Amino acid sequence: MPEYIRDGAEIYRRSFATIRAEARLGDLPDDVARVAVRMIHACGMVDLVDDLAWSPGVVARARVALNAGAPVLCDASMVASGVTRRRLPAGNDVICTLGDARVPGLARRLGTTRSAAALELWRDRLAGAVVAVGNAPTALFRLLELLREGAGPPAAVLGVPVGFIGAAESKQALEEYGGDLAYLVVHGRRGGSAMAAAAVNAIASEEE
Ligand SMILES: C/C1=C2N=C(/C=C3N=C(/C(C)=C4\N[C@@](C)([C@@H]5N=C1[C@](C)(CCC(=O)O)[C@H]5CC(=O)O)[C@@](C)(CC(=O)O)[C@@H]4CCC(=O)O)[C@@](C)(CC(=O)O)[C@@H]\3CCC(=O)O)C(C)(C)[C@@H]/2CCC(=O)O
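So, how was this worked out
- Residues numbered from 1 in each chain as written.
- Predicted model: local features only at pLDDT ≥ 70, side-chain atom pairs only at ≥ 80, totals over all residues.
- Heavy atoms only, no water.
- Helix = DSSP H or I, 4+ residues; strand = E, 2+ residues; numbered from the N terminus.
- Rg over C-alpha atoms; globule rule 2.2 N^0.38 Å.
- Buried < 20%, exposed > 50% of the residue type's maximum accessible area, 1.4 Å probe, protein only.
- Contact = heavy atoms within 4.5 Å.
- Areas by Shrake-Rupley, 256 points an atom, 1.4 Å probe, with all protein chains shown as cover.
- Lys, Arg positive; Asp, Glu negative; His and termini not counted.
- Charge placed at Lys NZ, Arg CZ, Asp CG, Glu CD.
- Near = heavy atom within 4 Å.
- Polar contact = N/O pair within 3.5 Å; in protein donor to acceptor, adjacent residues only side chain to side chain.
- Nonpolar A, V, L, I, M, F, W, Y, C, P; charged D, E, K, R; others polar.
- UniProt positions renumbered as here; feature names shortened; annotations may be inferred.
- Pairing = 2+ DSSP bridges.
- Right-handed = clockwise from strand over helix to strand, strands pointing away.
- Salt bridge = Lys/Arg side-chain N within 4 Å of Asp/Glu carboxyl O.
- Core = buried A, V, L, I, M, F, W, Y, C linked by side-chain atoms within 4.5 Å.
- Axes fitted to C-alpha atoms, helices over the stretch in contact; angles between N-to-C directions.
- Parallel < 35°, antiparallel > 145°, perpendicular 65-115°, else oblique.

Participant: Quick rundown of the overall build of the protein? Include the residues and the values.
Facilitator: What the protein contains, in helices and strands, is nine helices and six strands. Here the protein has a C-alpha radius of gyration of 17 Å; the compact-globule value for 208 residues is 17 Å, and the two agree. Expressed as lengths along the three principal axes of its C-alpha atoms, the size of the protein is roughly 55 × 35 × 35 Å. The 208 residues of the protein split such that 51% are buried. Expressed as a percentage of contacts within the protein between residues at least 6 apart in sequence, the contacts between residues at least 24 apart total 67%. Surface accessibility of the protein: about 9800 Å² in total, with carbon and sulfur atoms responsible for 52%. Taken as two groups, the 23 positive and 24 negative side-chain charges of the protein have centres that lie 5 Å from each other.

Participant: Summarise the site of the ligand; cite the residues concerned and give the values.
Facilitator: Residues in close proximity to the ligand total 18 residues, the closest being S77, S115, T138, F164 and S193. Here an oxygen atom of the ligand sits 2.9 Å away from a polar atom, N or O, in the side chain of N135. One of the backbone nitrogen or oxygen atoms of F164 is found 2.5 Å away from an oxygen atom of the ligand. Contact with the protein chains covers 58% of the free accessible surface of the ligand, which is 1100 Å². Of all the secondary structure elements, the ones that give two or more residues to the shell around the ligand are α4 (77-82), α6 (114-117) and α7 (137-148). Grouping the amino acids of the shell around the ligand by side-chain chemistry returns eight nonpolar, nine polar and one charged.

Participant: Can you break down the UniProt feature "domain: Cobalamin biosynthesis precorrin-8X methylmutase CobH/CbiC" (unreviewed entry) in the protein residue by residue, with the values?
Facilitator: In this structure's numbering, the residues bearing the UniProt feature "domain: Cobalamin biosynthesis precorrin-8X methylmutase CobH/CbiC" (unreviewed entry) are residues 10-205. Taken end to end, residues 10-205 comprises 45% helix and 10% strand; its first and last C-alpha atoms sit 19 Å apart.

Participant: Any details on the side chain of N201? Residues and values, ideally.
Facilitator: On the secondary structure map, N201 appears in helix α9 (residues 193-204). Overall, the relative accessible area of 5% leaves N201 in the buried class. Ignoring anything within four residues of it in the chain, the contact list for N201 reads R38, G82, V83, T84 and R87.

Participant: Quick rundown of the pairing of strand β6 (residues 183-186)? Include the residues and the values.
Facilitator: Note on strand geometry: in a regular strand, side chains alternate between the two faces of the sheet. Of the two faces of β6, the one holding Y183 and V185 and the one holding L184 and V186 are both buried throughout. Alignment of strand β5 (residues 156-159) against β6, held across three bridges, turns out to be parallel. Each bridged residue has a counterpart across the sheet, and for G159 the counterpart in β6 is V185. Traced from β5 through helix α8 (residues 167-176) to β6, the parallel crossover comes out right-handed.

Participant: A description of the pattern of salt bridges should follow, citing residues and the corresponding values.
Facilitator: On inspection of all chains with the given rule, the structure shows 16 salt bridges. We note a salt bridge from D93 to R125, for which the minimum N-O separation is 3.2 Å. Remark: R125 occurs in the loop between α6 and β4 (130-133) and D93 occurs in the loop between α4 and β3 (94-95); sequence separation between them is 32 residues. With a relative accessible area of 32%, R125 lands in the partly exposed category. For R123, the salt bridge is made with E120, and the minimal N-O distance between the two is 3.0 Å. For E120, a relative accessible area of 16% corresponds to the buried category. Via salt bridges that share partners, E120, R123, R142, E145 and E149 belong to a single interconnected network.

Participant: Mind laying out the nonpolar core, listing which residues take part and the relevant values?
Facilitator: L25, L28, M39 and L52 are the most contacted members of the largest nonpolar core, which totals 45 residues. Those residues within four positions of M39 in sequence are excluded, and the remaining contacts are L48, L52, V160, L184, V186, M195, A198 and A199. Core analysis: the second largest hydrophobic core is formed by 23 residues, L144, A151, V157 and Y183 among them.

Participant: Tell me about the packing of helix α2 (residues 30-43) against helix α3 (residues 58-67), residues and numbers included.
Facilitator: At a minimum axis separation of 8 Å, α2 and α3 run at an interaxial angle of 80°. One finds that α2 runs roughly perpendicular with respect to α3. Where α2 abuts α3, its residues D31, V32, R34 and V35 lie against V59, A60 and R63. Considered class by class, the residues forming the contact of α2 with α3 number four nonpolar, no polar and three charged.

What follows is the structure, encoded as structure tokens:
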């Protein structure tokens, strides 16, 4: 067996140092760079920064919302599971409605995926929330439809659905949504639940 590091804190320290040495973080605002480091940590791809886009102040807006107790709304339970509860500043609720018993019926009635239908159950928590989409492009598309229909806007949308069908397009649509909607996206096919959870974790606490 090769020698390997057994100290978790040391593994994290070296990992973040490697990312900071290898990723082109120089053009990013400091707070976005911190989030990018943790997202890269979750996927191992230092060139992720090339696909990163954000609205000015998105990290600060999400942080303020979390400090004020805003819930974190997640498209997949994988995202919700990845959010480290002790990092959250106000005992914030972390909500994923995908497993709610009403969702399969809603999806059939609305003629859409369960991931998109699950957002019907976000309506009364959406205004001022921090939204984290790591899996389902249809959830991100549906979120934008809900906002166009007049739903209360979230404080910030961390939009990193992954895949080949709809992922790039939904993230483009988020960036182009306009208005005052705060967002952070990874353009293209890359994304994922771990990356979305990592973004929430970075924003939730300054602690590495
Ligand atoms: C088309 C879907 C995609 N899923 C991807 C990748 C992964 N999904 C996993 C798992 C366990 C789940 N995916 C569902 C959300 C399920 N995935 C879909 C849907 C069919 C449609 C979503 C969409 O296109 O917007 C979706 C079901 C739905 O009706 O909404 C999941 C609910 C399926 C299920 O098990 O019931 C489930 C999520 C469970 C949860 O966490 O709550 C994977 C782990 C794949 C696997 O099981 O092998 C993986 C995880 C990736 C990640 O990091 O999140 C894609 C690639 C995102 C794909 C959408 C895009 C595409 O190109 O096809």
